[in-house]
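# Architecture and fold: a report
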Amino acid sequence: MTETRWRLVVHGGAGSMRPGKLDPAQERCAREGLDGALAAGSELLQRGGGALDAVEAAVRALEEDDCFNAGRGSVLTASGCIELDAAIMDGRERRAGAVSGLRTTRAPISLARRLLDDGPHVFLSGHGADDFARDHGFDQVDNNWFEIPERRRQLDELMAAGGFDDEVKYGTVGAVAVDADGHVAVATSTGGLTAKQWGRVGDTPLIGAGTYADDRSAAVSATGSGEYFIRAVAAHQLAERMRLGGESLQQALDNVLADVRKLGGTGGLIAVAPNGDAAWVFTTPAMYRGMADAECRTVKIYAEEEER
């Protein structure tokens, strides 16, 4: 039996960034952060570790990096606080864990992993999710620990304009992986949209919308205008296009994002298949993204860069 080539793909959000327009320090921070996330997950996969551990490690690295809109560095809601969403899924038995509206739990993706491993539920939200995390020994911080000055400035700017982050400048983070045994997994984490209101929840923690994994097809993580990915059930649609429709990974990626675009949404998807195939696609000018395997590790931002 031929050993599957392990692969890890990460994203740090899709948005309106263009060459020469992004602050050089921000660009450098993003590239270094993506590379660090790839290194964290690749180390496990290179040693024969599982896809699930790898995607959790990669996303934890991004949550701790204030360059990205997840964990520390997340965007602020209209009321000036930070609310965090995350989900993780294992393709072997389609076990999943998801959390939404966290305000004090430092590691959202690891809390989602705790639900995946031990339950008793798949999805927890709000104060109850933070209470569960506290009861189970997860590190708790003040909500303002997640805040950085630049995110406060962005909120003030958007509130003064009377809107929210409709260009999705500061997107979700995610990781998908296939390990040497051909198992796939996904992890996705976000602070949501700048100036979001009323407890808004996007696609990230919704299994099948922004996060999905199935060893019969693929592991998928989405970033972009979440309302449209929810309506398209994007991640699950991609997996079923492969499993039932016989589409290749790339065909399924392209067709799902075309469906999202037809509805009016923009963004990107990353995915891996159990056979080791990996790909991404996005309809925005840029998507923070990177890919690693046993032979190389690469990071890209703009559409103008070589795609794969």
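Residues numbered from 1 in each chain as written. Predicted model: local features only at pLDDT ≥ 70, side-chain atom pairs only at ≥ 80, totals over all residues. Heavy atoms only, no water.

### Some remarks on unusual backbone geometry
The omega torsion across glycine 119 and proline 120 is 10 degrees, close enough to zero to call that bond cis. Mapped onto the fold, proline 120 is located in the loop between helix H3 (108-118) and strand S4 (123-125). The phi dihedral of arginine 94 is positive, around 55 degrees, even though this residue is not glycine. Relative to the elements of secondary structure, arginine 94 occurs in the loop between strand S2 (84-90) and strand S3 (95-102). Here the phi dihedral of valine 233 falls at roughly 45 degrees; this positive angle occurs in a residue that is not glycine. (Helix = DSSP H or I, 4+ residues; strand = E, 2+ residues; numbered from the N terminus.)

### Some thoughts on the sheet that holds strand S8 (residues 219-224)
The four strands are arranged S7-S8-S9-S10 in an open sheet whose pairing can be described as antiparallel. Of all strands in the sheet, those with a lone pairing partner are strand S7 (211-213) and strand S10 (278-282), marking the two edges. The mean inter-strand angle of the sheet, taken between neighbouring strand axes irrespective of direction, is 10 degrees. Strand direction decides the pairing type here: strand S9 (residues 267-272) and S10, joined by five bridges, are antiparallel. Counted as the bridge partner of alanine 271 is alanine 279 from S10. (Pairing = 2+ DSSP bridges. Axes fitted to C-alpha atoms, helices over the stretch in contact; angles between N-to-C directions.)

### Details of helix H4 (residues 126-135)
One turn of the α-helix equals 3.6 residues, which is why residues spaced by three or four share an orientation. For H4, the set of buried residues is Ala129, Asp130, Phe132 and Ala133. Mapping the buried residues of H4 onto a view down its axis gives an arc of 155 degrees, with all of them on the same face. Across H4 from its buried face, at more than 90 degrees, point the exposed residues His127 and Asp135. The inward-facing, buried residues of H4 abut S3, H3 and S4. Looking one or two residues past H4, glycine 137 carries a phi angle of roughly 80 degrees, positive in sign. (Buried < 20%, exposed > 50% of the residue type's maximum accessible area, 1.4 Å probe, protein only. Arc of directions from axis to C-beta. Contact = heavy atoms within 4.5 Å.)

### Brief notes about the pattern of salt bridges
All chains considered together, the criterion is met by 28 salt bridges. A salt bridge links aspartate 35 to arginine 297, with the shortest nitrogen-to-oxygen separation between them at 2.9 Å. On the criterion of sequence distance, the pair formed by aspartate 35 in helix H1 (residues 24-46) and arginine 297 in strand S12 (residues 297-302) is long-range, its members being 262 residues apart. You can call aspartate 35 partly exposed: its relative accessible area is 28%. Put simply, Asp53, Glu56, Asp90, Arg92, Glu93, Arg95, Arg113 and Asp117 are held in one network by salt bridges that share partners. (Salt bridge = Lys/Arg side-chain N within 4 Å of Asp/Glu carboxyl O.)

### Let's talk about the pairing of S3
Where burial is concerned, most of S3 is hidden: seven out of the eight residues are buried. Bridge count between S2 and S3: six bridges; the pairing is antiparallel. Bridge pairing in S3 places methionine 89 opposite alanine 96. Pairing geometry for S3 and S4, over three bridges, is parallel. Counterpart to alanine 98 in the pairing with S4 is phenylalanine 123.

### Description of the nonpolar core
Residues Val10, Phe68, Ile88 and Tyr288 are the most contacted members of the largest nonpolar core, which totals 52 residues. The biggest single contributor to this core is helix H2 (residues 51-63), with seven residues. The contact partners of valine 10, leaving out residues within four places of it in the chain, are Leu34, Ala37, Leu38, Ala58, Gly174, Ala175, Ile270, Tyr288, Arg289 and Gly290. Judged by nonpolar contacts, the second largest core, of 39 residues, contains Val186, Ala252, Ala271 and Ala279. (Core = buried A, V, L, I, M, F, W, Y, C linked by side-chain atoms within 4.5 Å.)

### Notes on the pairing of S9
Two faces make up the sheet, and in a regular strand the side chains alternate between them. Extensive coverage of S9 is indicated by the burial of six of its six residues. Remark: five residues form the turn of the hairpin made by S9 and S10, two consecutive strands paired antiparallel; glycine 276 in that turn has positive phi of roughly 100 degrees.

### So, the packing of helix H7 (residues 234-243) against helix H8 (residues 249-263)
Packing of H7 against H8 leaves a shortest axis separation of 9 Å and a crossing angle of 140 degrees. When the interaxial angle is binned, H7 and H8 end up oblique. Two packed elements cross with a definite hand, and for H7 against H8 that hand is right-handed. Packed against H7, whose contacting residues are Ala234, Gln237, Leu238, Arg241 and Met242, the element H8 presents Leu249, Ala252, Leu253, Asn255, Val256, Asp259 and Val260 at the interface. When the residues that make up the contact of H7 with H8 are grouped by side-chain class, the tally is eight nonpolar, two polar and two charged. (Parallel < 35°, antiparallel > 145°, perpendicular 65-115°, else oblique. Left-handed = near helix turned anticlockwise from the far one by under 90°. Nonpolar A, V, L, I, M, F, W, Y, C, P; charged D, E, K, R; others polar.)

### Things to note about the packing of aromatic side chains
The full count for this structure, using the stated rule, is two aromatic pairs. A centroid spacing of 6.1 Å and a plane angle of 90 degrees characterise the contact between phenylalanine 68 and tyrosine 288, whose relative ring orientation is edge-to-face. Residue phenylalanine 68 is located in the loop between H2 and S2, and its partner tyrosine 288 is located in strand S11 (residues 286-292); the two are separated by 220 residues in the primary sequence. The two residues phenylalanine 68 and tyrosine 288 agree in class, both being buried. In this structure, arginine 72 packs its charged tip against the face of tryptophan 145, placed 5.5 Å from the ring centre. (Phe/Tyr/Trp six-rings, centres within 6.5 Å; stacked < 30°, edge-to-face > 60°. Lys NZ or Arg CZ within 6 Å of the ring centre and 35° of its normal.)

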